[in-house]
Amino acid sequence: MTDIFERLTASELPERRPPSLRALRADFGGQYVGAGATGVLFSATGPVAVIMGASAAGSLTAAQTASWVFGVFVLNGILTVVASWVYRMPLSFFWTIPGTVLVGQSLASLTWPEVVGAYLATGVLVIVLGATGVVTKLMAFLPHSVVMAMVAGAFLSFGTGLVQSVSSNVLVAGAMVVAWFALTRSATWSKRIPPVLAALVAGLAALAVTGGFTRVSGPAAELPLIGLPELVAPAFSGAAMAQLVVPLAITVVAVQNGQGAAVLNSAGHRPPMTVVTIACGVWSLLVAPLGAVSTCLAGPTNALLVAMGERSRQYTAGMTCGALAIVVGLLAPLLVRGLAVVPATFIAALAGLAMLEALRGAFTAAFSDSTGRPILAPLITLLVTISGTDVGGLGAPFWGLVAGVAVTYLLDRRQ
């Protein structure tokens, strides 16, 4: 296994040495710090809300939820800083969102220790998939337009959520949209202040004026402002292994890492996917005792990191994102309490505005065929992905990929 690992990763060694402190100072800039902050801001709102939903479905305690948040931010933040620095590209690692939804559903029949045991087994499986070269072959097999159509379908709910939030809470969400547009129109100011941060401030101000904040209640009210994570002793059961391990590994390798790789490739980066996959497996083992779901290369966050600036300097946005993620994780109890006081429309509007540029890029890459041929696969992939289909515990993005690949090889390439 060691020989296989060395052979597969030899071609993925960094082309240059990591940047020195002097180079880091030269490459950092306001827009890169802003992009990193926006990436963390996005991850700390909508995706954390998914964790909160899964936690509520499984009746986890507030302390267990805060420990989960601690794990996905602090440990993954460390990996993000190191990987972005070593490879000189934004490599943001967070957690599998569809996997989180799957965990929330499984907690109806599994205990929390059994889920943690499945996390550990998933980490081992992901390492094996990376070390044996399966991931490299999979990435070469998947058509780029199909992967980007899956990304577009997965991101589309953020856009529709933005529209719905404005229609249901026009004062708060509308103020956020106006602030975003006002700053986006200015080429000068949009480079200094990320428009999403302006939307955040405008939304908080609108909530204060309209009295839209709610009181902290339920388990979140029991949390201290700062607390230590709670370790979970794993339990291994056949039911948990059958129900979670393979689906979780697929969401990491084929869905989430596929999104992340597609986004980075579209921006001109070449992520080392064998190394990335093995790192995801190793970190999944590290975060599991904290109750944190498996680590992955984050598609939406990386899309935000590459949305602006020079490609050669975007790694500093990744390092900023990782460093701020560590801070957010250390304040996990405070974050859980904070999300309990803002309405869902606020989170939906913020996430939607943050994802607009990434959504536009995904659609462009999916449906811009340079050959001019009428290809059907991206459309089929998009339709299946947004359908919400869930078969065998595997969500619509996975089946969208399956459908898109099938149409590509059975119909589009024949035409």
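Each value, and the rule that gives it
Residues numbered from 1 in each chain as written. Predicted model: local features only at pLDDT ≥ 70, side-chain atom pairs only at ≥ 80, totals over all residues. Heavy atoms only, no water. Helix = DSSP H or I, 4+ residues; strand = E, 2+ residues; numbered from the N terminus. Axes fitted to C-alpha atoms, helices over the stretch in contact; angles between N-to-C directions. Parallel < 35°, antiparallel > 145°, perpendicular 65-115°, else oblique. Left-handed = near helix turned anticlockwise from the far one by under 90°. Contact = heavy atoms within 4.5 Å. Nonpolar A, V, L, I, M, F, W, Y, C, P; charged D, E, K, R; others polar. Buried < 20%, exposed > 50% of the residue type's maximum accessible area, 1.4 Å probe, protein only. Salt bridge = Lys/Arg side-chain N within 4 Å of Asp/Glu carboxyl O. Polar contact = N/O pair within 3.5 Å; in protein donor to acceptor, adjacent residues only side chain to side chain.

If you check an unreviewed UniProt entry, the chain appears there as Benzoate/H(+) symporter BenE family transporter from Rhodococcus ruber.

Engineer: Which residues make up unusual backbone geometry, and what values go with them?
Structural biologist: For Ser59, which is not glycine, the phi torsion reads 55° and is therefore positive. With a phi close to 55°, Arg88 is a non-glycine residue in the positive phi region. Turning to its location among the elements, Arg88 is positioned in the loop between helix H5 (62-87) and strand S1 (93-95).

Engineer: Requested: an account of the packing of helix H6 (residues 97-106) against helix H13 (residues 238-266), with residues and values cited.
Structural biologist: One way to put it is that H6 packs onto H13 with a least axis distance of 9 Å and a crossing angle of 165°. Taken together, the axes of H6 and H13 lie roughly antiparallel to each other. Considering how the two elements wind past one another, H6 and H13 form a crossing that is right-handed. On the side of H6, the interface is formed by Ile97, Pro98, Gly99, Leu102, Val103 and Ser106, while H13 contributes Gln243, Leu244, Pro247, Leu248, Thr251, Val255 and Gln256. Here the residues of the contact of H6 with H13 are counted per class, giving eight nonpolar, five polar and no charged.

Engineer: Explain the environment of Phe70 to me, and be specific about the residues and the numbers.
Structural biologist: Its location among the elements puts Phe70 in helix H5. Relative accessible area serves as the criterion here: at 15%, Phe70 is assigned to the buried category. Placed 217 residues apart in sequence, Phe70 and Val287 show a C-alpha to C-alpha distance of 9.1 Å. Discounting chain neighbours no more than four positions away, the residues touching Phe70 are Leu75, Pro229, Leu290, Gly329, Leu330 and Ala332.

Engineer: Tell me what's going on with the packing of helix H9 (residues 144-168) against helix H19 (residues 377-386), and back it up with residues and numbers.
Structural biologist: Look at H9 against H19: their axes get within 8 Å of each other, and the N-to-C directions meet at 30°. With respect to H19, the axis of H9 lies roughly parallel. In terms of crossing hand, the pair formed by H9 and H19 is right-handed. Along the contact surface, H9 presents Ser145, Val146, Ala149, Met150, Ala152, Gly153, Ala154 and Leu156, while H19 presents Ala377, Pro378, Thr381, Leu382, Thr385 and Ile386. The class makeup of the residues in the contact of H9 with H19 is 10 nonpolar, four polar and no charged.

Engineer: Would you mind going over the pattern of salt bridges in detail, with residue names and values included?
Structural biologist: Tallied over the full model, the rule gives one salt bridge. Of the charged contacts, one joins Arg313 and Glu310 as a salt bridge, the two residues approaching to 3.7 Å between their closest N and O atoms. Residue class for Glu310 comes out partly exposed when judged on its relative accessible area of 44%.

Engineer: I'd love a proper account of the side chain of His269, names of residues and values included.
Structural biologist: Position of His269 among the secondary structure elements: in the loop between H13 and helix H14 (273-287). Residue class for His269 comes out buried when judged on its relative accessible area of 5%. Side-chain polar atoms of His269 contact the side chain of Gln314, separated by 2.7 Å.

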